[in-house]
Amino acid sequence: MVFLSWMADFIDSLAKRHRLLPWLIAYVLLLPMPFVLSALFSEYLIDLANRICLFILLAVGLNIVKGFCGQVTVGHIGLYAIGAVTSAVLALEPGGFGGALGFGWPIWLAIPTAVLVTGFAGLIVGLPSVRLEGAYLALATLGLGESVRIFIAVTPALGSSTGLMMIPAPSIGSFVFDSFTSYYYLVMTAAVVGIYFSFSILRSATGRAFQAIREDTIAASVNGINVVKYKLLAFVLSALYAGLAGALFAHMPPGYLHHNNFTVIEMVTLLLMVVLGGIGNVWGGVIGAIVVAIAYDQTKDLVFYFMERPIVIQPLVFGLSMVFLVMFMPRGIGGWIEDFQRNRRFIRRSEERLGGSTRNS
Amino acid sequence: MGFDYNSLLAFIIFGVTIGVVYGIVALGISLIYSGLDIVHFAHGEMYMFGAFFGLVLAHNVGVPYPIALIGAMVLTAVLGMAVERVFYRRLTRAGGGYTVAGMGMIICGFGMSVALVNVAYFIWGAEAEPFRANLDYIPRLSFPGDIEVPESYVLTAIISVTLMAALHYFLRHTKTGLAVRAVAHNKDIAYLMGINVPLMISLIFGLACGLAAAAGVLIGPMQSVQVEMGYLMLMKAFAAAVVGGFGSLPGAIIGGIMVGVFENLGAAYISPSHKDIYAFLLLILVLMFKPSGLLGVEAKVKA
Amino acid sequence: MRLLNKVLAGVVTAGVGLGAAAAYAEDIRVGITMRMVSENGQAYGQMVMDEIDAINKAGGIHGNMIKATLMNDECKSDKGVANANKLIFQEKVHLLIGSTCSSVSLPIVDVTAKAGVPQMIPHSTNGKITQKGSEWVFRIPVSGRYYGGVAAKYVGENIGKKIAYICAADAASVNDCASMQAQMRKQFGAEPAYVADVQEKEVDFRSHMQKIKSMGVDGIMVAALAETMARALVQSYEAGIGEDVRRIGSSSASNAPVPKIAGDAVKGVFFTAAYSAADSRPIAKLFNEMTRSRYGIHAPDHDFSQAYDLVRIMEMALKNAKLTGSLAEDRTAIRDAIANVQGYQGLASGPISFCAAPTPQCRDGNRTAVLIGYTKGGENFETEVLARVTMDENFGLE
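Rules of the game
Residue numbers here run from 1 along each chain, matching the order of that chain's written sequence. Written order determines the labels here, with chains lettered from A and ligands numbered from 1. Totals for whole chains, interfaces and linings use all residues, but because this is a predicted model, local features are given only for residues with pLDDT of at least 70 and pairs of side-chain atoms are given and counted only at 80 or more. Based on all heavy atoms of the structure, the side-chain values leave hydrogens and waters out of the count. Exposure is judged per residue with a 1.4 Å probe applied to protein chains only, and the accessible area is read against the type maximum: over 50% gives exposed, under 20% gives buried, and values in between give partly exposed. In DSSP terms, a helix is any run of H or I states spanning at least four residues, a strand is any run of E spanning at least two, and both are numbered starting from the N terminus. The criterion for strand pairing is that DSSP finds at least two bridges linking the strands in question. We call two residues in contact whenever any of their non-hydrogen atoms come within 4.5 Å of each other. Two rings from Phe, Tyr or Trp (for Trp, the six-membered ring) form a pair when their centres are within 6.5 Å of each other. A pair whose planes differ by under 30 degrees is stacked, one over 60 is edge-to-face, and the rest are tilted. Charge-over-ring placement is defined geometrically: NZ (Lys) or CZ (Arg) within 6 Å of the ring centre, and within 35 degrees of the ring normal. The term buried area refers to how much accessible surface (probe radius 1.4 Å) is lost by two components on association, counted for both of them together. Salt bridges are counted wherever a side-chain nitrogen of Lys or Arg sits within 4 Å of a carboxyl oxygen of Asp or Glu. Definition of a polar contact: a pair of N or O atoms within 3.5 Å, with one able to donate and the other able to accept a hydrogen when the atoms are protein atoms, and with sequence-neighbouring residues admitted only if both atoms are side-chain atoms. Reported domain spans reflect what an automatic or database domain assignment gives. Patch definition: residues with relative accessible area over 30% and no salt bridge; like charges joined within 9 Å; nonpolar side chains (Val, Leu, Ile, Met, Phe, Trp, Tyr) joined within 5 Å. In this description, accessible areas are obtained by the Shrake-Rupley approach with a 1.4 Å probe, and a residue is regarded as covered only by the protein chains that are shown. Following the grouping adopted for this structure description, the nonpolar residues are Ala, Val, Leu, Ile, Met, Phe, Trp, Tyr, Cys and Pro, the charged ones are Asp, Glu, Lys and Arg, and the polar ones are all others, Gly among them. One fewer than the residue count of a helix, multiplied by 1.5 Å, yields its expected span. What is meant by a nonpolar core is a set of buried Ala, Val, Leu, Ile, Met, Phe, Trp, Tyr and Cys residues, joined one to another through side-chain atoms within 4.5 Å. Fitted lines through C-alpha atoms serve as axes, helices being fitted only where they are in contact, and the angles separating the N-to-C directions of these axes extend from 0 to 180 degrees. Working definition: roughly parallel below 35 degrees, roughly antiparallel above 145 degrees, roughly perpendicular at 65 to 115 degrees, and oblique for all remaining angles. Note on convention: near helix rotated counterclockwise from far helix by under a right angle means a left-handed crossing. Clockwise means right-handed. Here, a disulfide means two cysteine sulfur atoms that sit within 2.5 Å of each other.

### Examining the pairing of strand S2 (residues 66-72) of chain C
All names here are of chain C.
Part 1 of the reasoning: Counting buried positions over the 7 residues of S2 gives 5, a clear majority of the element.
Part 2 of the reasoning: Where strand S1 (residues 28-34) lies against S2, 7 bridges are found, and the strand directions are parallel. Paired with Val-30 across the strands is Ala-68, a residue of S2.

See the structure below:
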């Protein structure tokens, strides 16, 4: 506990020097990760780390619309799908082996375009939020998300049942990002930037507007906040995150997409990450993504033998975890973080008032 | 060649026969919503458990189909009430009400859905099971134009109407039904009037789950029984409940029929591969433009 | 069981060439990724593990034990790829077996090709799997491209040319449907009378059956996964389409849920597969006995026989491969050993042969499709073999 305090103080002092300093240091510390993981464990963990970075992008993005702005959306996985499929279709060669449709765009053009397209789709997904709230909005967004998946599933041009395959990996000149390590730098950078921007949003006027809408929509509009504009903005911002995550997912080796990568089960897993991390807490979302991804990876082979049938118990545990989290730990890990920060602020303010450090008594 | 009215009639009949089943499940969802102010995302699993209970009773225990139907309804009602009591009840506001702020109940519902599906996997495995029901005493209907309606569909229609009538009678003409309606209207006042609100809540939940179970047992002979059958039915039933109006019981059945007919017509005349999208489309359109549905009260904003 | 193994052991030893590798003294690591939560899915995986256990108990591969890791991929490509990566890079397997669903096998082919790990496919039939030019993939089941030709020939000659198609949206069925239509067109110049693309888990076919009824077709082809197919078959009779219209199934018709759920509606339905429990050979009878007593399976389908043949071929290749202890070299050696398998005749419908070139001609080992018909439905279903055809290796590649 004391160590955490000390760490937090240290980071604050760095931030005083320059706002971005802690971020740059963290980024530099993360750079050698692939080699560390490879040496200590195996290259497989780099692949896992890549997937975790994608989950982080998704969770942080979802937190913007769900946590900051309080809009109940259960269709986020559909936006992820749109980002992935758009980027894949733009980048594939026309009439090629990989899929029926293709435009042969360069990847560095395809990915941003996919992100923008997804942002636009986020606008559409957000339209119901103008009129609906709570469970109604959940239903509408669920319907939209599933419709996207089904549409992909039955449209041959988008891969349909065979999926889109051999989606090209990004390259700069002759260097191709098709190994775990090289892809790590892409997604890790995206994740760090994403987390940073999430904080920027949170601390900006826009972020405050979001939170005002979350707390009390009517009071917010009475105070002059254009509720419609900010709700839609929240959806679009979170959609941009999902679009980037999707595009990066599509081009990740081996470059294969299938509609059942985007089902309700994946959405529920994403929800679990956000709930575990604490709805509305950025670092909570990051931690939630990491914990769930690692837990999933480590437990997927746990097989019990019940009546001579091998039973995989992991999905049951996941479902029950969500129920218990909501029942007993509704604020998630983020709740702990907030408590911790609140304690620190209290101690700091007490010190200021009492004129001196209370720590070494 | 003129428009094929024959086929059109056939598709409408198919839509009605399946729509009635959607309606029964939607009835349960609407009941839970009006009584408990929550949208139960795990309701599809109650439907599935009902179907399996019915299967076990009919095949393994060997009771005749109608007894299996009733038995499944009772067992599922008990299961539902247990789930509500053990898990959902904790999410109540202290002191009598049942409103849950924020997304807690929605997320809990999803989690419960996943958990229930996996419990079912443990018990029954992932195989689809045929549901053979001896329905020889039910007539098979033949419509002009070579349209055959098999016995299972006829039975479904009969049972659905019966259930609706029974529910209506219960709510309107019995004292307990009156208590249920009072609780649905305003829990705090009902509590003050001396009604045992927690008991009524359990009863409402049990009724809703029993209805879902009936739908499951009715669908069984038509489509076989499988652990994953709940999810799609849930979406269709939500669409039905929304179309007819959340909280309106006749609306649920009408909504169900509309969804059934709409998706069948869409599949027949537009494109069969997009069939499930039509139900979602209807859901979203109605939510956007008339969230209160056709017969519903004004859209409540509870979670 | 022991008799069965003795019979097949004879086949194995006949194929053992140079045999004993001198200094290799590690476990041989095999990774398996399959769809486990499905009808019989658990049983396939269980059988593979049991057979590997039996090999180990009988002394392993020249004294080295096989260490097998079984993983579930839920028929999802991202999980399958994650499993493959874990098995290849963390478990450092010498051989990868996977997977059941074509949509999972397709991306894994790229993973194994890039990492240089031999991959044996137990169940997937989608033609594109072996058309990617990978030197590392070997397919044990009959590729979907062969099935269409056999079925079309039988249908055109015995049933008629006016066929209606119900095609579900899963990878294997889309393939089967397209292949059948193409073959009917090619062999008989026949265009489909009706084509309906339905969803993978469609439950309500009545509107299609209604339309088909009024057309007076000779046959209806239902290409779908097991339960979906069963429902379509039942509903075709409920709609009043008589028995004179023959129902044709895709390769998933061989899976047990189809006769189980469809009951009597499955009588007369025929399909192409790579194994029939009605096979009269002694090996087949022994195998049927074994799956019945060990796993409670009434009659094994070709997914069982293919998994079994795969283990036998794997055993053969492992015994032939010269293993040195260098992971990369050993993986290559095992790959080459599999590529050398010629004329292996096990439970499969025909001989399985591979060769070294990375072409579908070389990597689709089994070219013999069996035409099987159901004579009785329900839990204790029965089948008969209608025809057995070995195709030319180039068939279906145009």
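Still to come is the rest of the account.
### Considering the environment of Leu-54 of chain A
Residues and elements named next belong to chain A.
Part 1 of the reasoning: Along the chain, Leu-54 falls in helix H4 (residues 44-68).
Part 2 of the reasoning: Between the alpha carbons of Leu-54 and Tyr-241 there is a distance of 9.6 Å; along the sequence they are 187 residues apart.
Part 3 of the reasoning: Once residues lying within four places of it in the same chain are set aside, the contact partners of Leu-54 are Tyr-80, Val-187, Ala-245, Leu-248, Phe-249 and Met-252.

### Focus: the packing of aromatic side chains
Part 1 of the reasoning: Counted by the stated rule, this structure contains 33 aromatic pairs over all chains.
Part 2 of the reasoning: Relative to Phe-328 of chain A, the ring of Phe-324 of chain A has its centre 6.0 Å away and its plane inclined at 25°; by these criteria the two rings are stacked. On the criterion of helical spacing, the pair formed by Phe-324 of chain A and Phe-328 of chain A is a turn pair, its members being 4 residues apart in helix H14 (residues 314-328).
Part 3 of the reasoning: With centroids separated by 5.1 Å and ring planes inclined at 55°, the aromatic side chains of Phe-287 of chain C and Tyr-308 of chain C adopt a geometry described as tilted. With Phe-287 of chain C in helix H10 (residues 282-295) and Tyr-308 of chain C in helix H11 (residues 302-320), this residue pair connects regions lying 21 residues apart in the sequence. With respect to class, Phe-287 of chain C is no different from Tyr-308 of chain C; both count as buried.
Part 4 of the reasoning: Put simply, the rings of Trp-23, Tyr-196, Phe-197, Phe-199 and Trp-283 of chain A pair up and form one aromatic cluster.
Part 5 of the reasoning: Between the NZ or CZ atom of Arg-335 of chain C and the centre of the ring of Trp-136 of chain C, over which it lies, the distance is 4.4 Å.

### Details of the interface of chain C and chain A
Part 1 of the reasoning: Contact with chain C, which involves 35 residues of that partner, is made by 36 residues of chain A.
Part 2 of the reasoning: Counting the surface chain C buries against chain A, the share from its top three residues, Lys-76, Lys-86 and Phe-89 of chain C, is 17%.
Part 3 of the reasoning: Our count for the contact surface shared by chain C and chain A stands at 3 salt bridges.
Part 4 of the reasoning: A salt bridge links Glu-266 of chain A to Lys-79 of chain C; the shortest N-O distance between them is 3.1 Å.
Part 5 of the reasoning: Connecting chain C to chain A are 10 residue pairs in polar contact (both at pLDDT 80 or more).
Part 6 of the reasoning: Secondary-structure elements contributing two or more residues to the side of chain C that touches chain A are helix H2 (41-57), S2, helix H3 (77-90), helix H4 (102-115) and helix H6 (171-188) of chain C.

### Re the domain arrangement of chain C
All names here are of chain C.
Part 1 of the reasoning: Examined at the domain level, chain C breaks down into domain 1 (2-142 + 280-366) and domain 2 (145-274 + 370-390).
Part 2 of the reasoning: Spacing between the C-alpha centres of domain 1 and domain 2 amounts to 30 Å.
Part 3 of the reasoning: Listed by partner, the interface residues are 20 residues for domain 1 and 20 residues for domain 2.
Part 4 of the reasoning: Seen at the junction of domain 1 and domain 2, the total is 1 salt bridge.
Part 5 of the reasoning: Here Arg-145 ties to Asp-364 by a salt bridge, and the two come within 2.9 Å at their closest N and O atoms.
Part 6 of the reasoning: Linking domain 1 with domain 2 are 9 residue pairs in polar contact (both at pLDDT 80 or more), by the criterion used here.

### A few points about a nonpolar patch on the surface
Residue and element names in this part refer to chain A.
Part 1 of the reasoning: A contiguous nonpolar patch, built from Phe-3, Leu-4, Trp-6, Phe-10 and Ile-11 and spanning about 540 Å² of accessible area, is present on the exposed surface.
Part 2 of the reasoning: Structurally, Ile-11 is set in helix H1 (residues 2-17).
Part 3 of the reasoning: The class for Ile-11 is partly exposed, based on a relative accessible area of 39%.

### Let's talk about the interface of chain A and chain B
By a frequent convention, interface size equals the accessible area lost on bringing the separate parts together.
Part 1 of the reasoning: Taken residue by residue, the interface counts 43 residues in chain A and 45 residues in chain B.
Part 2 of the reasoning: When chain A packs against chain B, the two sides together hide about 3,800 Å² of surface, and 81% of this comes from carbon and sulfur.
Part 3 of the reasoning: By the criterion of area lost to chain B, the three top residues of chain A are Tyr-136, Leu-139 and Met-327 of chain A, representing 19% of everything that side buries.
Part 4 of the reasoning: Summed over the shared surface of chain A and chain B, the result is 0 salt bridges.
Part 5 of the reasoning: Applying the counting rule to chain A against chain B returns 2 residue pairs in polar contact (both at pLDDT 80 or more).
Part 6 of the reasoning: Taken together, the elements giving at least two residues each to the side of chain A that touches chain B come down to helix H6 (107-131), helix H7 (134-154), helix H12 (264-277), strand S4 (309-312) and H14 of chain A.
Part 7 of the reasoning: If one sorts the elements of the side of chain A that touches chain B by residue count, H7 of chain A sits on top with 14 residues.
Part 8 of the reasoning: For the side of chain A that touches chain B, a count of residues per class yields 33 nonpolar, 5 polar and 5 charged.

### What to know about H3 of chain C
Structural remark: α-helix, 3.6 residues per turn; residues separated by three or four positions point the same way.
Residues and elements named next belong to chain C.
Part 1 of the reasoning: The end-to-end C-alpha separation of H3 is 19 Å, in line with the 20 Å expected for 14 residues at 1.5 Å each.
Part 2 of the reasoning: Counting buried positions along H3 yields 12 of 14 residues, so the element is predominantly enclosed.
Part 3 of the reasoning: Turning to H3, its buried residues number three or more, namely Ser-77, Lys-79, Gly-80, Val-81, Ala-82, Asn-83, Ala-84, Asn-85, Lys-86, Leu-87, Ile-88 and Phe-89.
Part 4 of the reasoning: Following H3 by one or two positions, Lys-92 adopts a phi angle in the positive range, close to 55°.

### So, the nonpolar core
Across soluble globular proteins, nonpolar side chains show a tendency to be buried alongside one another.
Part 1 of the reasoning: The biggest cluster of nonpolar side chains holds 229 residues, and the ones touching the most others in it are Phe-210 and Leu-257 of chain A together with Phe-41, Tyr-88, Phe-110 and Phe-246 of chain B.
Part 2 of the reasoning: Of all the elements, H4 of chain A adds the most residues to this core, at 17 residues.
Part 3 of the reasoning: The next biggest cluster of nonpolar side chains, apart from the first, holds 50 residues, and it includes Ile-97, Met-120, Ile-313 and Ala-333 of chain C.

### Side note on the packing of H12 of chain A against helix H13 (residues 282-299) of chain A
Residue and element names in this part refer to chain A.
Part 1 of the reasoning: Running from N to C, H12 and H13 cross one another at 125°; their axes reach a closest spacing of 7 Å. Relative to H13, the element H12 lies oblique. Considering the relative orientation of H12 and H13, their crossing is right-handed. Across from Thr-269, Leu-272, Met-273, Leu-276 and Gly-277 in H12, the residues of H13 making contact are Gly-284, Gly-285, Gly-288, Ala-289, Val-291 and Val-292.

### What about the state of the cysteines?
All names here are of chain C.
Part 1 of the reasoning: The final tally for this structure, using the stated rule, is 3 disulfides over all chains.
Part 2 of the reasoning: Each sulfur in the disulfide pair Cys-167 and Cys-177 lies 1.9 Å from the other. Linking Cys-167 and Cys-177, the disulfide has an S-S dihedral of approximately -60° and is accordingly described as left-handed. With Cys-167 in strand S6 (residues 163-168) and Cys-177 in helix H6, this pair connects stretches of sequence that are 10 residues apart.
Part 3 of the reasoning: On the basis of relative accessible area, Cys-167 is assigned to the buried category, the value being 4%.
Part 4 of the reasoning: We classify Cys-177 as buried; its relative accessible area is 2%.
Part 5 of the reasoning: Linked covalently through their sulfurs, Cys-355 and Cys-362 form a disulfide whose S-S length is 1.8 Å.

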